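Each chain is listed here by its residues.
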Amino acid sequence: MKKFISAGGIVKNKENMICLTNENDRWLIPKGTPKPNENLLETAVREIAEETGITKLKLLSKLGTVTRKSFEEGKVVDKEIHVFLFESNQKELNPSDKKHHAKS
């Protein structure tokens, strides 16, 4: 059975405000699927940059893994989401993935 995995992160600033993305009217943490030969931390950093434009990140910790149901390839499957906590003082949000709208 194919394993479905994604990685992403919660990005907070010094005032403990967090950055979320909006996709299809749903507010989410930035996350996505690992590319070949990419570890989970690298995936989280790349996805945050693509979906929010935030590139100045300081890793604080790995928060853990959440497993939830997801609709993938035409069926309902279990999906593992690996979540990291980051801090950034970068204020400008400029997603390169235009299907996302980031807000802090």
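Since this is a predicted model, take the numbers as computed values, not measurements.

## Concerning the overall build of the protein
From N to C terminus, the protein includes one helix and seven strands. Scanning the protein from its N terminus toward the C terminus, one meets helices and strands in the order β-β-β-β-α-β-β-β. Relative to a compact globule of 104 residues, whose C-alpha radius of gyration would be 13 Å, the protein shows 13 Å and is just as compact. C-alpha atoms of the protein, sized along the principal axes, occupy 40 × 30 × 25 Å. Of all 104 residues assigned to the protein, the portion counted as buried reaches 38%.

## So, the side chain of Lys12
Mapped onto the elements of the fold, Lys12 is located in strand 1 (residues 4-12). Within the local environment of Lys12, its side chain forms a polar contact with the side chain of Asn16, the two groups lying 2.9 Å apart. The residues contacting Lys12, other than those within four sequence positions of it, are Met17, Ile18, Leu60, Leu85, Phe86, Glu87 and Ser88.

## Quick word on the pairing of strand 6 (residues 75-87)
Pairing geometry for strand 1 and strand 6, over nine bridges, is parallel. Bridge pairing in strand 6 links Ala7 to His82. Once strand 5 (residues 58-72) ends, the chain turns through two residues before running back antiparallel as strand 6, passing Glu73 with a positive phi of about 50°.

## Side note on a nonpolar patch on the surface
On the surface, Leu41, Val45 and Leu59 cluster together into a nonpolar patch covering about 200 Å² of accessible area. Along the polypeptide, Val45 turns up in helix 1 (residues 40-52). Note on Val45: relative accessible area 33%, which makes it partly exposed.

## Things to note about the nonpolar core
One finds Ala7, Val11, Cys19, Ala44, Ile48, Ile54, Phe84 and Phe86 forming the largest nonpolar core, which totals eight residues. Elements supplying a minimum of two residues to this core: strand 1, helix 1 and strand 6. Excluding residues that lie within four positions of it along the chain, Ala44 makes contacts with Ala7, Gly8, Phe84 and Phe86.

## Here we look at the side chain of Ser6
Mapped onto the fold, Ser6 is located in strand 1. Accessibility expressed as a relative area gives 1% for Ser6, which makes it buried.

## Details of helix 1
The end-to-end C-alpha distance of helix 1 is 18 Å, a good match for the 18 Å that 13 residues give at a rise of 1.5 Å each. Looking at helix 1, one finds that the buried residues are Thr43, Ala44, Arg46, Glu47, Ile48, Glu51 and Thr52. Immediately downstream of helix 1, the backbone of Gly53 shows phi near 90°, a positive value.

Each value, and the rule that gives it
Residues numbered from 1 in each chain as written. Predicted model: local features only at pLDDT ≥ 70, side-chain atom pairs only at ≥ 80, totals over all residues. Heavy atoms only, no water. Helix = DSSP H or I, 4+ residues; strand = E, 2+ residues; numbered from the N terminus. Rg over C-alpha atoms; globule rule 2.2 N^0.38 Å. Buried < 20%, exposed > 50% of the residue type's maximum accessible area, 1.4 Å probe, protein only. Polar contact = N/O pair within 3.5 Å; in protein donor to acceptor, adjacent residues only side chain to side chain. Contact = heavy atoms within 4.5 Å. Pairing = 2+ DSSP bridges. Patch = residues over 30% accessible without salt bridge, like charges linked within 9 Å, V, L, I, M, F, W, Y side chains within 5 Å. Areas by Shrake-Rupley, 256 points an atom, 1.4 Å probe, with all protein chains shown as cover. Salt bridge = Lys/Arg side-chain N within 4 Å of Asp/Glu carboxyl O. Core = buried A, V, L, I, M, F, W, Y, C linked by side-chain atoms within 4.5 Å. Expected span 1.5 Å × (residues − 1).

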